[in-house]
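# Summary of structural features
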There are 2 protein chains.
Amino acid sequence: MSGAEFPIVGVIGAGQLARMMIAPAIALGVNLKLFAASSEDSAALSAEHVVGNFLNPDEVLAFAKTCDVITFEHELIPNSVIKVLEQNQVVVRPSSSAFIYSQNKAQMRKILQENNLPVPNWDLYSGDKDPRIPFPLIAKSISGGYDGRGVWVVADESELRELLKIQPTLLLEEKLNFTSEIAVMVARSPHGQAATWPPTLTVQRDGICIQTITPAPDISDTLKISAQEIALKIADLIGLVGVMAIELFVVGDRLVINELAARPHNSGHWSIEGSVTSQFEQHLRAILDLPLGDTSMRADFAVMGNVLGGAKTNMYRPYLHLFARTPYLKVHQYRKEVKAGRKVGHVTAIGNNLATLQSEVSHAVDYMNGVVDE
Amino acid sequence: MSGAEFPIVGVIGAGQLARMMIAPAIALGVNLKLFAASSEDSAALSAEHVVGNFLNPDEVLAFAKTCDVITFEHELIPNSVIKVLEQNQVVVRPSSSAFIYSQNKAQMRKILQENNLPVPNWDLYSGDKDPRIPFPLIAKSISGGYDGRGVWVVADESELRELLKIQPTLLLEEKLNFTSEIAVMVARSPHGQAATWPPTLTVQRDGICIQTITPAPDISDTLKISAQEIALKIADLIGLVGVMAIELFVVGDRLVINELAARPHNSGHWSIEGSVTSQFEQHLRAILDLPLGDTSMRADFAVMGNVLGGAKTNMYRPYLHLFARTPYLKVHQYRKEVKAGRKVGHVTAIGNNLATLQSEVSHAVDYMNGVVDE
């Protein structure tokens with residue numbers, strides 16, 4: 001047996017984000033071990049894993065003791081469980097104190113506001129006082145929401161009181177009249193080395209990202225730099241180790257921070273083909289405290305389209321048409337059961353003609369989910 | 001359980017070539033299953049596998065019956081075993097009749113010569129007549145040689161007779177005074193769709209490739225096109241399915257075919273980062289009869305350096321220096337035990353300044369194997 005010098009990275013979660021860590025782990029020679037909910041999980045189909053319950057600190061700790069560093073691909077593991085690992089000398093990256101800001105939106109809003117970072121007007125609401133935010137407003141679950149789940153547009157106080165029945169405390173935010181939504185990925189290592197990628201336009205439909213364009217077109221260089229500066233500042237502020245997505249609203253000529261996610265993120269998938277160093281490779285480098293990789297782009301533009309479950313269930317047969325039509329199209333299958341609206345894969349195209357890339361990616365996505373017929 | 005539409009590709013062999021098929025298989029959603037010699041094999045560390053003896057037709061057939069298509073990452077499996085699979089309705093790509101030309105150099109020379117493709121003067125020799133090729137000449141094993149093994153420069157008849165003691169029949173070839181050695185990768189699908197990549201300069205030391213430069217510098221466009229035409233002609237001639245490397249000598253302004261290898265090849269490793277479609281993804285597309293991918297380059301040049309085992313055995317620690325020095329350097333570890341002269345990994349750099357790329361790749365390789373000190 002050789003290779004004892006290569007570390008074992010334990011990942012809590014085995015969805016598509018863990019799946020896309022496998023390729024760079026193999027290239028770097030790093031051992032990947034997943035803590036999966038099921039052997040049928042996206043990444044568990046293709047990597048070493050144990051099946052366990054991430055709510056159970058004993059199970060997670062037993063797993064963690066077999067790894068050199070523990071990281072996450074989702075925010076669902078309780079922060080208290082992460083703390084148990086840390087109390088038992090497990091190296092956890094990002095740490096519980098950094099990860100909390102992508103687990104708890106109230107704490108996230110608080111730290112950003114205290115540090116003069118641009119946030120919407122916000123308040124916590126438990127029904128004990130009048131909401132300080134004017135209607136219509138945005139109400140959010142403090143934790144657990146994603147892809148539009150746990151986010152509501154609330155027209156008046158009666159609607160708000162209805163929501164309280166399912167969520168005893170809500171985060172209320174002003175409803176911004178934004179021009180567009182962008183996201184910036186940032187990576188930071190324990191040494192404090194940090195790097196960002198160019199900001200990405202995230203095109204949303206029904207609260208779900210359907211397409212991304214990198215670099216975000218139609219926003220000024222000033223705004224792009226400002227977005228990257230915000231990302232670097234937050235990474236430093238929370239002591240991030242790993243990669244993080246910062247989602248921002250573009251409101252005229254200013255930026256307002258929407259969400260944080262201290263892990264690889266859908267808005268960074270373009271980087272697999274589009275950047276010299278993908279977010280997945282960079283995440284591994286960062287948590288292993290290796291020097292970060294070059295985040296330059298490989299072409300002028302990268303367009304990524306999410307394949308959402310639709311009428312078609314066969315995700316392989318479309319290759320016959322799509323690969324013949326667009327020989328430079330890159331497909332990433334998550335191997336999840338196709339359900340309506342579920343992200344089951346994505347496609348990416350990079351090049352120098354944005355209109356062509358967008359059209360090819362849109363066609364591919366529509367064809368895969370059955371909007372365009374065979 | 002979902003995903004029954006995704007085929008199972010069985011690979012005979014689990015070395016670094018199989019290892020580098022894992023990433024594109026995961027992206028495409030294709031199931032990879034390896035027939036390994038040992039669970040410690042390079043690719044077996046990171047993919048589903050069975051351990052077996054590829055000389056045993058029953059074992060290989062039992063494995064093949066669990067797959068939708070069988071392919072190879074080395075030529076060591078006997079052609080007779082491949083024929084057993086075919087007689088049992090296993091889909092084998094490339095077929096035994098195509099694969100034989102990278103298993104048997106005598107048959108390779110014969111078919112190329114019969115089809116007016118440029119080969120060195122050659123003859124078979126068993127000691128029963130005078131060698132038809134003038135000394136000094138090249139003697140080769142008919143099968144089984146690679147990386148300079150099974151190839152001898154022979155000064156005179158007494159040396160030749162010595163060789164006959166270990167090889168009852170030898171392939172003799174004229175010793176060419178070549179300017180450089182290049183290789184061309186070609187892919188071909190069962191439909192007959194074919195594609196080549198730009199020709200690659202292979203820089204050799206002691207019969208082992210130490211660096212490749214793509215596209216091969218210092219050769220004319222006419223020669224480059226000629227090399228690609230030769231590759232396409234051979235692919236068609238032998239009914240190739242999959243990818244194949246054709247190694248050629250550049251002798252002044254003409255090309256002479258040296259070797260064929262009907263599988264992904266060291267001279268095509270640059271394509272992982274350097275081409276829109278890597279040789280490994282293309283091999284999967286070809287054997288699955290999917291439309292082939294774009295073989296354009298992602299930058300002006302791609303330089304690949306083989307990491308050969310040297311003084312250092314720790315292949316992870318060098319990352320600290322190398323990644324800080326060259327943030328765009330890409331590493332591929334094979335996770336093989338480090339032995340003197342053994343290929344244990346490779347590094348690639350792509351960009352537009354060839355001199356810089358060569359210098360960074362050379363430094364990285366020297367640093368990893370201990371020629372340059374820490």
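Below, the structure is looked at part by part.

About the cut-offs
Residues numbered from 1 in each chain as written. Chains lettered and ligands numbered in written order. Predicted model: local features only at pLDDT ≥ 70, side-chain atom pairs only at ≥ 80, totals over all residues. Heavy atoms only, no water. Phe/Tyr/Trp six-rings, centres within 6.5 Å; stacked < 30°, edge-to-face > 60°. Helix = DSSP H or I, 4+ residues; strand = E, 2+ residues; numbered from the N terminus. Buried < 20%, exposed > 50% of the residue type's maximum accessible area, 1.4 Å probe, protein only. Contact = heavy atoms within 4.5 Å. Buried area = accessible area lost by both parts, 1.4 Å probe. Salt bridge = Lys/Arg side-chain N within 4 Å of Asp/Glu carboxyl O. Polar contact = N/O pair within 3.5 Å; in protein donor to acceptor, adjacent residues only side chain to side chain. Nonpolar A, V, L, I, M, F, W, Y, C, P; charged D, E, K, R; others polar. Least-squares fit on C-alpha atoms with pLDDT ≥ 70 in both. Pairing = 2+ DSSP bridges. Axes fitted to C-alpha atoms, helices over the stretch in contact; angles between N-to-C directions.

Attention now moves to the packing of aromatic side chains. Residues and elements named next belong to chain A. Applying the stated criterion across every chain, the model contains 12 aromatic pairs over all chains. Between phenylalanine 178 and phenylalanine 249, the ring centres sit 4.6 Å apart and the planes meet at 20°, which makes this aromatic pair stacked. You can see phenylalanine 178 sitting in the loop between β8 (170–174) and β9 (180–188) and its partner phenylalanine 249 sitting in strand β13 (residues 242–251), a full 71 residues away along the chain. A relative accessible area of 35% means that phenylalanine 178 is categorised as partly exposed. Seen in terms of ring centroids, tyrosine 319 and phenylalanine 323 are 4.6 Å apart; in terms of plane orientation they differ by 15°. Their pairing is stacked. One end of the pair is tyrosine 319 and the other is phenylalanine 323, both in helix α10 (residues 319–325) and 4 residues apart, which spans about a single turn.

A few words now on the interface of chain B and chain A. Contacts between the two partners involve 49 residues from chain B and, on the opposite side, 49 residues from chain A. Across the interface of chain B and chain A, roughly 4,100 Å² is buried in total on both sides, 57% from carbon and sulfur atoms. On the chain B side of the interface with chain A, the three residues burying the most area are Ile26(B), Tyr316(B) and Arg335(B), jointly 18% of the side's total. The interface formed by chain B and chain A includes 2 salt bridges. Where Glu281(B) meets Lys330(A), a salt bridge forms, and the shortest distance between an N and an O atom there is 2.9 Å. There are 20 residue pairs in polar contact (both at pLDDT 80 or more) connecting chain B and chain A. Going through the elements one at a time, α2 (22–28), α10 (279–287), α11 (318–325) and β16 (330–333) of chain B are the ones with two or more residues in the side of chain B that touches chain A. For the side of chain B that touches chain A, the leading source of residues is α2(B), giving 5 residues. Of the residues in the side of chain B that touches chain A, the class split is 25 nonpolar, 11 polar and 13 charged.

A word on the pattern of salt bridges. All told, the structure shown has 30 salt bridges over all chains when counted by the stated rule. The shortest N-O distance in the salt bridge between Arg263(B) and Glu75(B) comes to 2.6 Å. A residue pair is termed long-range when its members are at least 10 positions apart, and Arg263(B) in the loop between β14 (254–261) and α9 (271–274) and Glu75(B) in the loop between β4 (69–72) and α4 (79–87) qualify at 188 residues. A salt bridge links Asp221(B) to Lys224(B); its shortest N-O distance comes to 3.9 Å. Linking Asp221(B) with Lys224(B), this pair stays in helix α8 (residues 221–238), spanning 3 residues, or about one helical turn. Each member of the salt-bridge network shares a partner with another, and the members are Lys105(A), Arg109(A), Lys140(A), Glu173(A) and Glu259(A).

For the rest of this paragraph, the subject is the relation of the copies chain B and chain A. Overlaying chain B with chain A gives an RMSD of 0.0 Å, the required rotation being 180° about an axis along which the chain moves by 0.0 Å. On this basis, the relationship between the two copies can be described by a two-fold rotation axis. When C-alpha positions in chain B are compared against the rotation axis, the closest is assigned to Ala23(B), at 2.4 Å. A shared binding surface is used by both copies, with 100% of the interface residues of chain B retained as interface residues in chain A.

Residues and elements named next belong to chain A. Summarising burial for strand β17 (residues 343–351): 9 of the 9 residues are buried, a large majority. Where strand β15 (residues 301–308) lies against β17, 8 bridges are found, and the strand directions are antiparallel. Bridge pairing links alanine 302 to isoleucine 350 in β17. Pairing geometry for strand β16 (residues 330–333) and β17, over 4 bridges, is antiparallel. Bridge pairing in β17 places glutamine 333 opposite glycine 345.

Our focus in this paragraph is the sheet that holds strand β2 (residues 31–36) of chain A. All names here are of chain A. Pairing is parallel in the open sheet, where 4 strands are placed in the order β3-β2-β1-β4. Only two strands of the sheet have a single partner each, and these edge strands are β3 (49–51) and β4 (69–72). For this sheet the average axis-to-axis angle between neighbouring strands, irrespective of direction, equals 25°. The pairing of strand β1 (residues 8–12) with β4 spans 4 bridges and is classified as parallel.

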